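Structure assessment
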Amino acid sequence: MNFLNNKLFGILTSLLLIIFAATSCKKFLDVNTDPNNLTSSKVPYIMTGALSNTVRIQITSNVHVVAGTWSGFYGHSTSYTGGGNEKTYVVTNTQFDWMTTIYDNIYDYQKVIERADAEGVGFWKDPAVIMQCYDYARLVDIYGDVPFTDAVHDLSNLTPKYDKQEDIYDSLIIRLDNAMASMQAASWPTASDVTRQDILFGLNKTDWIHFANTLKLRLLLHQDFMGTRDAYIVSNVQSTANLGYLDKNVVIQPGYAATSGKLNPYYSLYGFDESNTVTTNFRYRKMNKVIIDWLKITHDDYRLQGLAWPQGTIVTSPLPTWPSTASSYTYKGVPMGAGSGASNSTSSAMGPFYIQRGVTSSQTGPLVLFTLAESKFLQAEAAVKYPALATDLGDPATNYNDGVHAHFRLVGNMCYEVGAGNIINNAGNTQADAAYSAYIAQPIANVNWAASSDKLRAILIQKWVSFVHINGLEAWTDYRKSSVTSENGHTFYSVPLDPRSQVGIGNEPVRMIYPQIEFTTNGNNVPKGIDHIQDSPIFWDVNN
Amino acid sequence: MLFFIGGSAFAQERTVSGRVVTTDGTPLQGITVQVKGTHNAVATNSSGEFTLTTSNGSTIVLTGVGFQSQEIKVGGRSEFTIVLQSNTKTLEQVVVTALGITRTAKEIGYSTANISPTEITEGKSFNLGEALTNKVAGLTVYNTSAGVNSSPRIVLRGIRSMTGDNTALVVLDGVPVPSNTLTYLNPNDVQDISIMKGGQAATLYGSDGVNGAIIITTKKGSKRPEISFSNSYNVEKLAYLPKFQTENGSGSAYGADAQEDYHPAENQQYGPGFDGSIRFPGRVQQDGSFLTFPFSYIPGMHESFWNTGHTNQSDFSYRAGNDKSNIYTSFQRVQTNGIVPEDEYERNSFRFNASNTFDRLTISFDATYTWDKSNKTTTDYYFYTLNVPGWIPITDFRDWKNKPFGDPNSYFNDYYYNPFWMLDNNRSFGRNHYFNGNITAKFKITNELNITARVGTANTEFQATSSANPWTFSQWASSYAYMTGYNEDYDYFLTGLGYNKAKSVIPGGLGESYSNGNRINSDLFLTYNKKFNNFSLQTILGNNIQVRKSKNIGVSTGALAFPDFFNFVNSETGLYNGSNSISEQRKTGGYADATAGYKGFLFIHGTARHDWTSVFYKPGRKADLYQYTTWGADVSFSLLDAFHYNNNILNFAKIRASFNKNRNDNIGPYQLDQVYNFASGFPFSSTGLTGMSIGGTLPFSTLSAEKVTSTEVGTELGFLQNRVMLNVSYYRQIADQQILTAQVSPTTGIQNILTNAARVNNHGIEASLKTNLIRNRDWNLNVDFNWSYNTNKVTTLYVDGFSSLLYQSNGNLNLVAEKDQMFPYLKVTSFERDSATGKIIIDPSTGWPVKASGLMGVGNTMPKTTFGTNLNLSWKGFTLTGNIEYRGGYVIYNDLGEDMMFSGTTAISTIMHRQQFVWPNSVYLDASSNKYVENTNFATSQYAATYNGFGDLSNGSSLVNTGESFYSSGDFWKLRSLSLSYNFDMAKYGNIGNVIKGITITAWGRNLKTWLPSDNWFTDPEFSNTNGNSIGINTTSNTPPTRQWGGTLRVTF
C-alpha cells in the first residue's frame, strides 16, 4: 500500500465515522412514541371508565349468569351445546376466571387514589375507595381468601399474598366508615364539567354516602346467619345508621346509543346487536324454571311479563301490556341441570326488562348497579333479624312493602312505561302501582307480610326476585348464606333438579375455585386443596 | 498506480474475455485472473466470466482457492473458455457470506451450506421457502398448511426466543429483506443460496442475523445470450382424510335409545345405525317437496367435498452481456386452483438485474416486482363438511342456485348451512404488490481497497376485501316448514313449525383492508484485502442504516341490505367500524470484520458490530438500553495442508470453532409504555363523555435486547477425491434475558409484564454426508444424507411460582413454554389414572372415566430429530431425483379430532359400535377396601356410550372434552419429491441444435406418500394453525393434505 492509498483509506475511514456520528444521534432514533395508543390519561377519565366497568362486570356471563344459574334465574336451552360446567356443577380451574376483570377494575381505582392529589382532584379518592370495597366484597363472596393488602401494586409486588376473608371483610367496613367520614368533611366541586364524569351520582355527596352506607349494610348482613357476629353487626349498623341509605336506584347511562359497541351492554351481550341480529346468548341463555314457577304461582304476571319472554325461539314482540294479555302466551323455564327437554322454542328467553329487540329505549337504556328495592329489603332484613335496629331503620313491614313496590316500579319503568329519568328516582307509575297493590294484597306466604309466618324468608325471597337481571352474584350469595341447612330454617327457595338432570342433588356449588392463572403465576401463595366448587364455603356460609 | 496510466501507452492493448468453468462445466465465481507480472487483475463473476484489458504478448494467470492455478498465453485470441482442475486437497466451494462477500470454504470457521439452482427447482415448487425443505441439515421448513398460497416458516437450528422471531434472516443480493420475500420470489431466478446456520455466520448483520441467514444470490447476465422458456403443469389431489365412521347417521341425545335419538335435521351423527331404510332429512317445502334418501353410508362421501387442484406455471428468462455490462430478466406466471372448491391464486413475477462497469466503478441494479391475487373462502369449509351426515349425497347440494334444498331456506340441517352455500357466499379477495430492489455501486480504489455503497428497498402493499352475503329467509322457512315421516313423539325439542335458524336473517357483511410496508436498508463499506508473504488479510469496515415503516387501514360493516352487492353504500345500518395504525422503527450500526490467514491453512476471523435501535429508545432512557455491541470470532484449520499430509483416502480435513455474543432486539416499536385504552363503549357522542381504562401490560423500565451466546465446533472431511464429504457440527446457544410478555397474577392489577427474564439453552448436532457413488461417462449417482438433532430447555422463567408462559389454549389444552421443558410444550386435559398402575380410573356409577383436575404434560411440539436423504441419479440425458424426509421426537394436537368427535364423524366414535362397554384396562375405587381394583363389570351406561360420553360438549368428562383423546405423535416419513427428466443432447440435431440450445422434459411429483404412526389418525402433522412460535396445533382451518403430480418442459435458445 503506497502513501496515496494510506491517505485515501484514512479519509474514507473518517468519512464513515462521521456518518455513524450523524446517524446514531438521538434524533434519528426518536420515532418510538406510540401513534396508535394513548400513553397517559387524567384521573377523571380513569374514574369514569372504571365506574362503567364496575357495572359491566356485574352483568358478565360469569359473575351474573353462572351465579344466576346457581340461584335459579337462568338455564341453557338444550338445543345448544355449552354451559355444561354450570349445568353439571363440574368445574375445573381452567374454565372460569372471575378474578382478572375485577382486579383490573380495582387497579384503575387504585391509580385514581394514588394520583388524585397530585392532579389536584383529591375528592375522587373517597368514591374510588368505596368502589374498591364494592369490588373486593365481590371477590370474597366468590373466592373467600384473596389478595388484599398486597394486591394491585403492579411491578412492586408481582406475587401478592392471600389475606383471610374475614379480615378483608372487616377492613372493608372500616374503609367504608372512613370514606363516609371523610366525605362528610369534604367540599366537592359542583361545576358540571367536573361532576359529569361521575356517571353514578354526578358528584352528589349525599348519594355517595348513602351508597357507601347501604353497601356496608349489605356486607354486614352477609354475616347475619353466622350467629357469632350479631353484636358486631348491630353496633356497626348503628354507628352510621343516621347517615341514611339509598333512596334511589343506582344506574349508569353514559350515553348508550344504537351503534356498534355503544349499545346498552346487557342488551348487546344477551340480546341483539346494532343490526337487530340475535346473539347466540339470547338463543341459549334461558330463564330458569325456579324463578318462572315462583312468579307464576304467586300470580305475579306483571313482573313475569317484564322479566321473561314467552316461550319461543325469538319472541320479542309485542311488548307486554297491562292489564295482562299473558293468557295468550306461555312462559316456561329450563329445569336446573336439564340435559335435554328444554329446546329453544319451548323455553322463555331473558325478558323485556333489558331486551326488547330494536326498541331504542332498550338499546340505549340505563344499566342498573344497585336497586332501591335492595336498600329497602336490607333495612327490613336487619330489623327483623335484630329488632333493636328497628328504631334506626324503621318498621320492617314498611320497608318490606316499599321494597316490593320499588321493584314493581323499576320493572314498570324499564318495560311498561319507559323513561330513563323515572328509573333513577323510581318515579310513580300507575300500572306498576296498581299491579303492586293487587299483588301484595294476596294472602300468600312470602308475598303478603301478614300472611308470611317467616318474615326473614319473605324478605329474602322478594329480594331474590329483585335481583333478576340485576345481580346474579348477590342472589347466589343470599342463597348460600341462608339456604340448605335445616337448623337455621331458611331454605328460602330451593333449586330443584330436573329428573333428567346430569348432576346429583347435594352437589350444589358453594364457591368458585381459583383460576388456573393464579396457579401458574402466583403458585406459592394461592390456597391449595380447593379443587372443587363444592369445597370450602365462604366464611359467612355456615350451612355446609 | 502505474498500470493506470500505462494502459493507454501500449499500442497493442486489447480486451480479452472468457469464461472459467470446472471440469463438469459449472461456472466458477471469484477466480482471480491476473496479467502476469502486473497488478492488473479481475475476478470472475457469478457466471464465471471475466473481461480484462491486456496486450498480445502477455500471459494471464488464473488462481482460485481450491483450484490448481493455470497460466495461459493470450496470443491473438480474445475469447477463452478455461477449465480449471480442482485442487483436490481443498474444498472447491465458494461461499457467498454476509454482505455478498465471497469466501472459500476453508477460510470459514462456522457452518454453512450451499444449495444449487438445480436442487431448488427439482421439486418444481413455485414457493422458494417450500423448495428449501429437506435440503440442508439444521434447516427446517415448516409447511403449515396445504392452502393455495401458504407461507412456510424457516428455522435454522431450532428456536431460541420464546416470544420473539426465530426465523432466519433473508438476504437478497446483499440486502436484508422481509422473510415473506421467500413466498413471492421466483425460484428460477436464484443462482445460489448460502445458508449461514447461525451464531457467528451472520454476526455482521448484528441482531438481525441472530437466527442465522439465508443468503440468496440471483442470476445475472451472461456473455452468451440465452433465452429460456419453460412451462409446468400439475394436478393436486386429496392425499388422505381422517378415518370416518360408517355405522351411524343423523341424531343426538333425544331419546332413551338409538332409534329415538334420530333426528332429520341434526348435524351430529349420534343417531341410529344405518339400516338402508328410506328416511326424510330436513323439512317439507312450500311446494310440498321433501328429500328422501336411503339411510346408509355413502362411500366416498367425505372425499367428494374436495376438488382436484391445478397449477400452471410459465417461465421466461433472458440473459445477455458483454465486456462491461450484463442483464438478466425474467417473468413468471403461476395460476393455481386448490382442492377447496373455488379457491384460486395467481402470481406474476418480474425480475430485472443489470450491471455496468465504467472503468473502476461497477454499478448494478436488481429489482423484483411481483403482484398476486387470491380468491378464497373465509368460511371454515372443512368444519362444515364434518357436519354433513354420511348418508347425505352432498354433491346434490352443490348447485344450490339452481337446484332445490341447497340454499338456507331449504337445506336440511338445523345447525350448519350447506357447506357449498357457505363457500360461495363468504369470500375473501386479496391483491398484493411486492417490489424490492437495490442499487449497488462498487468502486475500486486500488486493487486491494474497494468501497461499496448499496441501497435496498422492500415494499409491500396488501389489499383485501372480505364479503359475506346476506340472506333473508322466506316466511315458509321461518314459520311453516315441517318435518315428515318422522315420529313426532321422539321430538322433545324441535316441535313447532319452521327452521330454528330461519328465525333471524343472515346479516352478511363487508370488510376492506389496506396495508403497506416499506423498508430501506443502506450499507456503505470498505473492503481491504492484502497478502504479505505467508499471511493474508481481508477486512471490512462499514455502516448500516435501516428504516421500516408500515401503515394499516381497515373498514368494515356488519350487515348488508341487498345480496351480491359489495359496497359500503349497501350497508343496512350505515355504520362502519374503522381501524388504522402506523409503525416506524429505525436502526443504525457500524461494523468491522477481519480475516487473517496463514499459509492458506489457518484462518482467524473476527467481527464486531455496534447498533443503535429505536425500538428501545425513549427520551431519557439510558444509552446502554438502546445500543449494544455484538461480536464473534472463529477459527478454521485445514489439517492436511498444515501438515503436508497426503494419502489416497482422506484428501481434505478441516476443523473449525466459533464463538459469538449476539443480541436479539426482537420487539416491535412502541412497547416501552403502558397504554390507556378507551373503556368499553367510550367515548359516547350524545353525552361527550370519555372514560379510560389502564392497559394490562406494563413494561419494565430496564427493558433491553436479549442476549444470545453461541458456540460451535465442527469438522469437514473430504474422502476419495471429495467423492465422499462429511460435515459435522455441534452447537450450543444460550438465549438469556429473553423479552417476555409474561402473564402475571391478575391480583397485581395488571395481567402482563414485558421484561427481560427467561433463559433458554438450545443445542444440537447436525451432520451431512454427501456422496458421489458413481461417476463415469454415462452414469452419475449422488446420494446425500442430512441429519440433525436439536433440543432446547427453558432453564429460567420469570420468578418463583411463575412456571409457564402460555402460547395458546382451548378448554382441552395449553401450549406453553414451561420451566425445565423443551418449548413449545403441550399439556392436555386427561382422565385420572391410578398412580400405581397407570390405568384409567372409572366411576362405578356411570362406568365412565373420571376426569383429572389440572393438565397432563405430553411433550414438545417441534421435532427433535430430522433426517433427509436426496438422491440424484443420471444416465446419459436422464436424471432421476428423489427426496425423503423424516421428522420425529415430538407431539401434535389435532383439534380437528375434537370437531369430529363432536359431530360424531370420527371412526373412533364407533369403536364400541355405540354400545355399552366396559372401559378397557380400567380400575375403580373399591369402597370397602379403599383400593383400586380391576374393572371387569362396570359398563358404561347406554346413554354415556352413545352420546354423552363421546360427543357431548356439556359433559365435562366426555371424550370431546378430554384433550388426551386428540394428541398424537408428530413423527412422519415423507416422500417429498420424485422427478425424472430427460435432457436432449442438442448437438445431435444439427442446425436445430444451433438455434435451440437445450430441451428438458421432466415428470415429477410432490408429497407423494406420507407414513404416519398409528396414533395419528388425523392429518398431516406438519400442519399448524399458526406459523409463529406456537406451532403444533392443527385445526379444520388446515385443509387436508394433498399430493401433486406434474410435468415440465423447458427450452433454451
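Residues numbered from 1 in each chain as written. Chains lettered and ligands numbered in written order. Predicted model: local features only at pLDDT ≥ 70, side-chain atom pairs only at ≥ 80, totals over all residues. Heavy atoms only, no water.

1. Regarding the overall build of chain A
Of regular secondary structure, chain A possesses 24 helices and 6 strands. A burial count over chain A gives 63% of its 544 residues as buried. Summarising the internal contacts of chain A: among those between residues at least 6 apart in sequence, 73% fall at separations of at least 24. (Helix = DSSP H or I, 4+ residues; strand = E, 2+ residues; numbered from the N terminus. Buried < 20%, exposed > 50% of the residue type's maximum accessible area, 1.4 Å probe, protein only. Contact = heavy atoms within 4.5 Å.)

2. What to know about the overall build of chain B
For chain B, the helix and strand inventory stands at 12 helices and 54 strands. Whereas a compact globule of 1053 residues would reach a radius of gyration of roughly 31 Å, chain B reaches 33 Å, a difference of no more than 12%. With respect to the principal axes defined by its C-alpha atoms, chain B has extents near 110 × 70 × 70 Å. The burial tally for chain B puts 58% of its 1053 residues in the buried class. Of the contacts formed within chain B by residues at least 6 apart in sequence, a portion of 69% connects residues at least 24 apart. When the accessible surface of chain B is split by element, carbon and sulfur atoms take 55% of a total near 39,700 Å². Of the side chains in chain B, 83 bear a positive and 83 a negative charge, and the two mean positions are spaced by 12 Å. (Rg over C-alpha atoms; globule rule 2.2 N^0.38 Å. Areas by Shrake-Rupley, 256 points an atom, 1.4 Å probe, with all protein chains shown as cover. Lys, Arg positive; Asp, Glu negative; His and termini not counted. Charge placed at Lys NZ, Arg CZ, Asp CG, Glu CD.)

3. What to know about a nonpolar patch on the surface
Residues and elements named next belong to chain B. Where nonpolar side chains cluster on the molecular surface, the patch consists of Leu773, Ile774, Trp779, Leu871, Trp875, Phe878, Leu880, Leu978 and Leu980 and spans about 730 Å² of accessible area. Those elements that provide at least two residues to the nonpolar patch are strand E37 (752-775), strand E45 (865-875), strand E46 (878-888) and strand E51 (972-984). Tracing the sequence through the fold places Leu980 in strand E51. (Patch = residues over 30% accessible without salt bridge, like charges linked within 9 Å, V, L, I, M, F, W, Y side chains within 5 Å. Salt bridge = Lys/Arg side-chain N within 4 Å of Asp/Glu carboxyl O.)

4. Topic: the interface of chain B and chain A
It is common to give the size of an interface as the accessible area lost on bringing the parts into contact. Contacts between the two partners involve 100 residues from chain B, matched on the other side by 97 residues from chain A. Buried surface at the junction of chain B and chain A, both sides included, amounts to about 8,100 Å², of which 62% is carbon and sulfur. Where chain B meets chain A, there are 0 salt bridges. Per-class residue counts for the side of chain B that touches chain A are 51 nonpolar, 39 polar and 10 charged. (Buried area = accessible area lost by both parts, 1.4 Å probe. Nonpolar A, V, L, I, M, F, W, Y, C, P; charged D, E, K, R; others polar.)

5. What to know about the pairing of strand E29 (residues 602-613) of chain B
Residues and elements named next belong to chain B. Alignment of strand E28 (residues 577-598) against E29, held across 12 bridges, turns out to be antiparallel. Note on E29: the bridge partner recorded for Gly597 is Phe603. As consecutive antiparallel partners, E28 and E29 are separated by 3 residues, and within that stretch Lys599 has a phi angle of approximately 50 degrees, a positive value. (Pairing = 2+ DSSP bridges.)

6. Structural notes on the confidence of the model for chain B
Residue and element names in this part refer to chain B. When pLDDT is averaged along chain B, the result is 88, and 96% of the positions lie at 70 or above. Every residue in residues 1-11 scores below 50 in pLDDT, and together they form 7 contacts with partners more than four places removed in sequence or on other chains. Across residues 489-493, confidence stays below pLDDT 50; counting only partners more than four residues off in sequence or on other chains, it has 17 contacts. Under the prediction, the complex receives an ipTM of 0.91, its pTM being 0.83. (pLDDT = per-residue confidence, 0-100.)

7. Things to note about the packing of aromatic side chains
Residues and elements named next belong to chain B. The final tally for this structure, using the stated rule, is 84 aromatic pairs over all chains. Relative to Phe316, the ring of Phe229 has its centre 5.3 Å away and its plane inclined at 45 degrees; by these criteria the two rings are tilted. Here Phe316 lies in strand E20 (residues 309-321) and Phe229 lies in strand E17 (residues 226-238), a separation of 87 residues in the sequence. Phe229 gets classed as partly exposed once you look at its relative accessible area, which sits at 41%. (Phe/Tyr/Trp six-rings, centres within 6.5 Å; stacked < 30°, edge-to-face > 60°.)

8. Looking at the pattern of salt bridges
In the structure shown here, the tally under the stated rule is 55 salt bridges over all chains. A salt bridge links Lys481 of chain A to Asp224 of chain A; the nearest nitrogen and oxygen atoms lie 3.4 Å apart. On the criterion of sequence distance, the pair formed by Lys481 of chain A in helix H23 (residues 472-482) and Asp224 of chain A in the loop between helix H10 (205-221) and helix H11 (230-241) is long-range, its members being 257 residues apart. Of the two residues, Lys481 of chain A and Asp224 of chain A, neither departs from the other in class, the shared state being buried. Of the charged contacts in the structure, one is a salt bridge between Glu712 of chain B and Arg157 of chain B, with a shortest N-O distance of 3.1 Å. With Glu712 of chain B in strand E35 (residues 706-719) and Arg157 of chain B in the loop between strand E12 (153-156) and strand E13 (169-172), this pair connects stretches of sequence that are 555 residues apart. Of the two residues examined, Glu712 of chain B and Arg157 of chain B, each falls in the buried class. Taken together, the shared-partner salt bridges in this structure form one network comprising Arg157, Lys197, Lys654, Arg656, Glu712, Glu716 and Glu766 of chain B.

9. Re the confidence of the model for chain A
Across chain A, the average pLDDT comes to 88, with 88% of residues at or above 70. Segment residues 484-492 of chain A is flagged for pLDDT under 50; beyond a separation of four residues in sequence, or across chains, it makes 25 contacts in the model.

10. Some details on the sheet that holds strand E39 (residues 804-810) of chain B
All names here are of chain B. If you trace the 4 strands from one edge of the open sheet to the other, you get E39-E40-E41-E44, paired in antiparallel fashion. Here the strands that pair on one side only, and so sit at the sheet edges, are E39 and strand E44 (856-860). Geometrically, the sheet is characterised by an average inter-axis angle of 30 degrees between neighbouring strands, direction not taken into account. Direction of pairing for strand E41 (residues 825-828) relative to E44: antiparallel, over a ladder of 4 bridges. (Axes fitted to C-alpha atoms, helices over the stretch in contact; angles between N-to-C directions.)

11. Section: helix H14 (residues 289-297) of chain A
Residue and element names in this part refer to chain A. Those residues of H14 lying buried are Val290, Ile291, Ile292, Trp294 and Leu295. Along its buried surface, H14 packs onto strand E3 (285-287), helix H15 (301-307), strand E4 (308-311), strand E5 (348-350) and helix H22 (455-466). Between the side-chain oxygen at the start of H14 and the backbone nitrogen of Val290 there is a gap of 2.9 Å, and the oxygen is on Asn288. Just beyond H14, the residue with positive phi is His299, at close to 55 degrees. (Polar contact = N/O pair within 3.5 Å; in protein donor to acceptor, adjacent residues only side chain to side chain.)

12. Regarding the packing of H10 of chain A against helix H17 (residues 372-385) of chain A
Residue and element names in this part refer to chain A. Remark: H10 packs on H17, axes separated minimally by 10 Å, with the N-to-C direction vectors making an angle of 45 degrees. Considered as vectors, H10 and H17 are oriented oblique to each other. Crossing of H10 against H17: the hand is left-handed. Judged by residue contacts, Thr214, Leu217, Arg218 and Leu221 of H10 engage Glu374, Ser375, Leu378, Gln379, Glu381 and Ala382 from H17. (Parallel < 35°, antiparallel > 145°, perpendicular 65-115°, else oblique. Left-handed = near helix turned anticlockwise from the far one by under 90°.)

13. What about the environment of Ser614 of chain B?
With respect to the element layout, Ser614 of chain B can be found in the loop between E29 and helix H8 (623-626). Counting along the chain gives 30 residues from Ser614 of chain B to Glu584 of chain B, while the straight-line C-alpha distance between them is 8.9 Å.

14. So, the sheet that holds strand E10 (residues 112-115) of chain B
Residues and elements named next belong to chain B. The 5 strands are arranged E10-E15-E16-E13-E14 in an open sheet whose pairing can be described as mixed. Each of the sheet's edge strands pairs with one partner strand only, and the pair in question is E10 and strand E14 (175-177). Averaged over all neighbouring strand pairs, the angle between strand axes comes to 25 degrees, with direction disregarded.

15. Some details on the environment of Leu241 of chain B
All names here are of chain B. One can find Leu241 in the loop between E17 and strand E18 (278-279). Separated by 792 residues in sequence, Leu241 and Ile1033 have C-alpha atoms that sit 17 Å apart. Look past the residues within four positions of Leu241 in its chain and what remains in contact with it is His302, Glu303, Trp306, Tyr382, Phe1018 and Pro1040.

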